[in-house]
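Residue-level structure breakdown
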Amino acid sequence: MTSIQAKKSNACIWIILSCCFLVLVITFILRPIMFWIIRNTSEEKCIKEGYIFSILVMVLLSSLFGETVGQRFLLGPIILGLAVPAGPPLGAAIEDRLECFVKSILLPIFIISSTLQVNVFEIQRQEFLILEFIVFISFLGKLLGSLLPALFCGVPYQDALWLGIIMNVQGVLDIEFWVWAVGLKLISQRIYTCLVLSAVIVTGTISPSVKFLYNPSRRCNAYKRRTIKNCSKRNVEFRILACIYHNENVSTILNVLEASHPTTYGPICIYMLHLIPLQGRASPLLVTHKNSQKEDSSNSFNPSSHIINAFKLYEKQNEGTVFVNSLTAISPHSTMHDDICSVASERRTSLIILPFHHHPSLSSTTHLPTSIRKVNQNVLKTAPCSVGLLVDRGSPQRAQASNKNDKPPYLVAVIFLGGEDDREALAYGTRMGENSSVKLTVFRFSIRRENPDPASDADMLDNDSIDDFKKYSVGNENVVYREEEMKDSIGIVTVITSIEHSFDLLILGKDHDQNSSDLLRGLEEWSEFPELGLVGDMLASSNSNCNGSILVVQQQSSVDSTLLDSPKYYFGELA
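Let us look at the structure shown here. (Residues numbered from 1 in each chain as written. Predicted model: local features only at pLDDT ≥ 70, side-chain atom pairs only at ≥ 80, totals over all residues. Heavy atoms only, no water.)

**Quick word on the overall build of the protein chain**
The helix and strand tally for the protein chain stands at 18 helices and 11 strands. Looking at the protein chain as a whole, 44% of its 575 residues qualify as buried. Across the protein chain, the fraction of contacts at a sequence separation of at least 24, relative to all contacts at a separation of at least 6, is 82%. Taken as a whole, the protein chain presents about 30600 Å² of accessible surface, with 60% of it coming from carbon and sulfur. (Helix = DSSP H or I, 4+ residues; strand = E, 2+ residues; numbered from the N terminus. Buried < 20%, exposed > 50% of the residue type's maximum accessible area, 1.4 Å probe, protein only. Contact = heavy atoms within 4.5 Å. Areas by Shrake-Rupley, 256 points an atom, 1.4 Å probe, with all protein chains shown as cover.)

Take a look at the structure:
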């Protein structure tokens, strides 16, 4: 017995030392090799196939080593996977190469081969009930173990509750552990069958429940008006969330921000949010870049560095009037709108600027146009403030001048038909009209009627907005106001098409008042992008001669007054 115990003790020491050796090799040899691969891959190129092959060899060798020293074959690949640098280029390249093969072939084969051992006819009722009671106790343990620390850290209790429920989801690793236990005869075949059925019941209940019942965008519901019009006071900071999908979006957004008239008494605080699809990492990430923090020049694969530097330069050129805070959100397209709305809610911005999904000079596989369009549509539905969709059709007049002083005036036009969105567009245009380098033209279209109806509340609000605009524009030679009376939609379309090529930026509302909407209803048959509204869709179409940018504004849709006294949701203070 003594010799047998000595052999077991020596075997345990050997296994521990071997595992430590494996960790050291992966940490100090294989991981540096991966960083060397990243450094030797330029930003414009993909990871070489030889490098990918070497990573796969590492996976096989680490798995073989784990089996050799008496551990499961999964030990080595798991440790190696933790050592792989997350995100692009290496993590994303490995995911692109293996995701389809693993999810479509290996995973189904593993699940089928594991569940072939399940035999529901061998289950004994008493044994099943006892085991289910233990599963229920473990479910409560996981739930409370996740719920209580989350509540202690200030997480909203609804989010904490869902977190505890999600922690009970079981997957491939659990099944692999049970198969291993059956192989070592630690559990019987009947217990294995009960465990698999429990996993199916629990996971099959939790997954659809979370999908259909949990709505993270509810945390972003606004409890007060956050619109451009409410920031029209001259001593109020104007906060804008500028979203970036591609590097090509930067110049157009900076042109709009530059025209927004930042001053020392009415500064603009810009929150630049670079949106990157989740690739090569397990969980989403929101990074706040400190202004005092110097960018690491050794990290050549920081996709946000060029964008951050462009906004820093803009802030430096407008020191004292513009303040820039840079953020990077890495998340799947399906939840990207939650990141946008959360940042807008926590930073209390008044406007979100979103690039339109179609860009004439852009061809990229990082963001598919359909994915971007879905993100924009979700933001329009759940935004806690006003939203502006920015369509970039080029602006040759601005691009020709390299010196800032030699740039021609930025020509801005506001198309006003009436309604909440048009009033919001007019408020933004009024702010731009105060900029000495901007020439603003406001076109108000009114419907000519033989027997006009009494003025409604909406009409009175439209008239008040026009009166406020005229009051602020008195004596400003760079502002022009034109009123056009039309009797049908043909007249409106004719005037808009005659001016669309004459301006660098066209600002208009997404939706209009009831009279204008009824008048333009005939355009719905040719509408391709409903998120732009009828007029915006007409200007953004391929048949349009517009060669500037188009900003389609949607005013904050709703305010949830019930959140004022509700402890369910937390609105973060300014960082």
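**Here we look at a nonpolar patch on the surface**
A cluster of nonpolar residues, Ile130, Phe133, Ile134, Phe136, Ile137 and Leu140, forms a patch on the protein surface that exposes about 580 Å² of accessible area. Looking at the element boundaries, Ile137 is found in helix 5 (residues 125–152). Among the residues examined, Ile137 registers a relative accessible area of 43% and is labelled partly exposed. (Patch = residues over 30% accessible without salt bridge, like charges linked within 9 Å, V, L, I, M, F, W, Y side chains within 5 Å. Salt bridge = Lys/Arg side-chain N within 4 Å of Asp/Glu carboxyl O.)

**What to know about the packing of aromatic side chains**
Each pair of aromatic rings is reported with the distance of its centres and the angle of its planes. Within the structure shown, the criterion is met by seven aromatic pairs. Between Phe238 and Tyr428, the ring centres sit 6.0 Å apart and the planes meet at 75 degrees, which makes this aromatic pair edge-to-face. Separated by 190 residues along the polypeptide, Phe238 in strand 1 (residues 238–244) and Tyr428 in helix 14 (residues 420–433) bring together distant segments of the chain. Of the two residues, Phe238 and Tyr428, neither departs from the other in class, the shared state being buried. Between the aromatic rings of Phe469 and Tyr481, the centroid separation amounts to 6.1 Å while the plane-to-plane angle is 50 degrees, which identifies the pairing as tilted. Taken together, the positions of Phe469 in helix 15 (residues 457–472) and Tyr481 in strand 9 (residues 479–486) put the pair 12 residues apart, joining distant regions of the chain. (Phe/Tyr/Trp six-rings, centres within 6.5 Å; stacked < 30°, edge-to-face > 60°.)

**Thoughts on unusual backbone geometry**
The phi torsion at Lys185 lies on the positive side, around 60 degrees, for a residue other than glycine. Judged by relative accessible area, which is 72%, Lys185 ranks as exposed. Positive phi outside glycine occurs at Arg348, with the angle close to 55 degrees. Position of Arg348 relative to the elements: it lies in the loop between helix 11 (336–347) and strand 5 (351–355). You can call Arg348 partly exposed: its relative accessible area is 28%.

**Describing the packing of helix 5 against helix 8 (residues 189–213)**
One can describe the packing of helix 5 onto helix 8 by two numbers: an axis separation of 10 Å at closest approach and a directional angle of 45 degrees. By the angle between their axes, helix 5 is oblique relative to helix 8. Helix 8 is crossed by helix 5, and the crossing has right-handed handedness. Contacts between helix 5 and helix 8 involve Glu127, Phe128, Leu131, Glu132, Val135 and Phe139 from the former and Arg190, Ile191, Cys194, Leu195, Ser198 and Ile206 from the latter. A class-by-class count of the residues in the contact of helix 5 with helix 8 yields eight nonpolar, one polar and three charged. (Axes fitted to C-alpha atoms, helices over the stretch in contact; angles between N-to-C directions. Parallel < 35°, antiparallel > 145°, perpendicular 65-115°, else oblique. Left-handed = near helix turned anticlockwise from the far one by under 90°. Nonpolar A, V, L, I, M, F, W, Y, C, P; charged D, E, K, R; others polar.)

**Quick look at the nonpolar core**
Core analysis: the largest hydrophobic core is formed by 49 residues, its most contacted members being Leu241, Ile340, Ile352, Leu354 and Phe445. Here this core takes five residues from helix 18 (residues 533–540), the largest share from any one element. Three or more residues apiece are contributed to this core by two domains, here domain 2 (224–290 + 304–359 + 369–392) and domain 3 (406–448 + 457–557). Contact partners of Leu354, with chain neighbours within four places excluded, come to Cys243, Tyr245, Ile340, Asn376, Val379, Val387, Gly388, Leu389 and Leu390. Ile228, Cys231, Ala425 and Leu505 belong to the second largest nonpolar core, which has 43 residues in total. (Core = buried A, V, L, I, M, F, W, Y, C linked by side-chain atoms within 4.5 Å. Domains from an automatic or database assignment.)

**Examining the environment of Phe238**
Taking the relative accessible area as the measure of exposure, Phe238 reaches 1% and is therefore buried. Put simply, Phe238 and Val322 are 84 residues apart on the chain and 9.7 Å apart in space, counted from C-alpha to C-alpha. Setting aside chain neighbours within four positions, we find Phe238 in contact with Ile228, Cys231, Pro267, Ile268, Cys269, Ser350, Leu351, Tyr428 and Arg431.

**Remarks on the environment of Asp468**
Along the polypeptide, Asp468 turns up in helix 15. Residue Asp468 is classed as partly exposed on the basis of its relative accessible area, which comes to 32%. For the pair Asp468 and Ala427, spaced 41 residues apart in sequence, the C-alpha to C-alpha distance is 9.1 Å.

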